[in-house]
Amino acid sequence: MKQPVEITQPTGKLGILLVGLGAVSTTFIAGVMAVRKGIASPIGSLTQMGTIRLGRRTEGRSPLVKDLVPLASLEDLVFGGWDIFEDDSYSAAHTAGVLDESLLEQIRPELEAITPWPAVFDRRYVKRLDGPNVKRGSNKMELAQQVREDIRRFKAENGLARLVMIWCGSTEIFMTPSPAHQSIEAFEAGLCANDLTIPSSMVYAYAALKEGIPFANGAPNLTVDVPALMELAQQQGCPVAGKDFKTGQTLIKTVIAPGLKARLIGVRGWYSTNILGNRDGEVLDDPESFKTKEESKKSVLDYILQPDLYPQLYKDLCHVVRINYYPPRGDNKEGWDNIDLVGWLGYPMQLKINFLCRDSILAAPIVLDLVLFLDLAARAGWSGIQEWLSFYFKSPMHAPGLYPEHDLFIQLMKLKNTLRYLKGEELITHLGREYYD
Ligand SMILES: NC(=O)c1ccc[n+]([C@@H]2O[C@H](COP(=O)([O-])OP(=O)(O)OC[C@H]3O[C@@H](n4cnc5c(N)ncnc54)[C@H](O)[C@@H]3O)[C@@H](O)[C@H]2O)c1
């Protein structure tokens, strides 16, 4: 046993600040409420259902994750958030059309009580969207102040002990780091000067970090992934995680690709396409928002297959990703993958995957795990990028100079070893020689 990390106990209520009360957020909130009432199960959530092996295989110690590390309990979660539409969480969930009416009715009063605060929003950054519930201010610093006031009011009114913010808003247009993103001073000057390279999501992230609140980014937007906000996160002692929830097609890609590489099976082409009819699909129909998503989805294979190490197998891989907005399907996405493989002596093979998934059903447990783990990280005194949470993201944030880890199984091992480390338990290397000595 090593020295455990000192972790403050999760006493009191934990406020969850959701930017965007759309399909993912309402499926998450309604899900937690249904689980609390005992009318549904938190399937897909590692913090609620996962176990973790400790010590040798012969010891038979595999507690639940939530029994190993001190996580906030579902009973202690309080929800608040912003949206450009005025709908309360019940009607937003209804519009999203993910959950059955019969389930929503059972938690209707609690959902109706969560109404969105006016949002920081500018159509410049999400072209296919517009709504009435928007803050006004003479510059972006003023808007950030208004977000900070919302946070303080929510905290005081609900007697919250701690908070976590998570971006579940629409995907913004593709952006790259600008001079205003390089330092806290440049960023703050940019907020005051309405710098065009500071989109709405950065205003929320800045407000959260200034309030000392951990921040996670569920979309592929740049948001907190710039030097100025990383510096602020360190300065304020805030853990951050991102970007872009790993669900659906990319989740399956990061399951299959490591398997093919493990057996040194070549890949000549990987064509992924899907149809999606929810509001997210509508926003992604705009080429500038799609580019942000495309970059996030495409990087995965390069990092997993390592063409530089295996040029014969993966160098000229043709990787195509398409998303087609198709309203009749709503949130029920259908994805097709065609993978062109090369085996022994160069013989071709094909693998076809047809995944009929529900986007928000896959994303909601990720939101739950992320907010609970980020709160844990904050109580353990950790700040900055939480690479051990890469497991949940399509484009995991990473330290400069490092390449991101995309392989789902390496990511899970990293996550579980981090939990063991927190508790002073032996890390598991799977070497296993001790059983044969
Ligand atoms: N569902 C998934 O599997 C999945 C996976 C990865 C990433 N994502 C991302 O998560 C985000 C949410 O997905 P969704 O399906 O819930 O989309 P959605 O369109 O149903 O919800 C997004 C909500 O954010 C609101 N919004 C947009 N800009 C805002 C702003 N500046 N401030 C406050 N609210 C704002 C919109 O009005 C909308 O209600 C999207 O960016 C999506 O790309 C989802």
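A quick note: this is a predicted structure, and the numbers were derived from the prediction, not measured.

## Notes on the site of the ligand
Move 1: In the neighbourhood of the ligand, 36 residues make up the surrounding shell, with G20, G22, V24, A219 and R279 lying closest.
Move 2: Those elements that provide at least two residues to the shell around the ligand are α1 (23-36), α12 (279-284) and α15 (359-379).
Move 3: A per-element tally of the shell around the ligand places α15 first, with four residues.
Move 4: If you count residues domain by domain, the shell around the ligand takes at least three from each of domain 1 (13-245 + 361-422) and domain 2 (248-358).

## Observations concerning the sheet that holds strand β9 (residues 348-358)
Move 1: Read from one edge of the open sheet, four strands run β7-β6-β8-β9, paired in mixed fashion. Of all strands in the sheet, those bounded by a partner on one side alone are β7 (318-325) and β9. Strand-to-strand twist in this sheet, taken as the mean axis angle between neighbours without regard to direction, amounts to 10°.
Move 2: In the sheet, strand β6 (residues 266-276) pairs with β7 via eight bridges, with the strands oriented parallel. The residue of β7 that forms the bridge with N274 is I323.
Move 3: Where α15 meets the sheet, its contacts fall on β6, β8 (332-342) and β9, and the angle it forms with β9 comes to roughly 80°.

## Details of the domain arrangement of the protein
Many descriptions give the size of an interface as the accessible area lost when the pieces come together.
Move 1: By domain assignment, the protein separates into domain 1 (13-245 + 361-422) and domain 2 (248-358).
Move 2: Taken together, the contact between domain 1 and domain 2 spans 28 residues of the former and 30 residues of the latter.
Move 3: Residues that form the side of domain 1 that touches domain 2 fall into these classes: 14 nonpolar, seven polar and seven charged.

Quick notes on the rules
Residues numbered from 1 in each chain as written. Predicted model: local features only at pLDDT ≥ 70, side-chain atom pairs only at ≥ 80, totals over all residues. Near = placed C-beta within 6 Å. Helix = DSSP H or I, 4+ residues; strand = E, 2+ residues; numbered from the N terminus. Domains from an automatic or database assignment. Pairing = 2+ DSSP bridges. Axes fitted to C-alpha atoms, helices over the stretch in contact; angles between N-to-C directions. Contact = placed C-beta atoms within 7 Å. Nonpolar A, V, L, I, M, F, W, Y, C, P; charged D, E, K, R; others polar.

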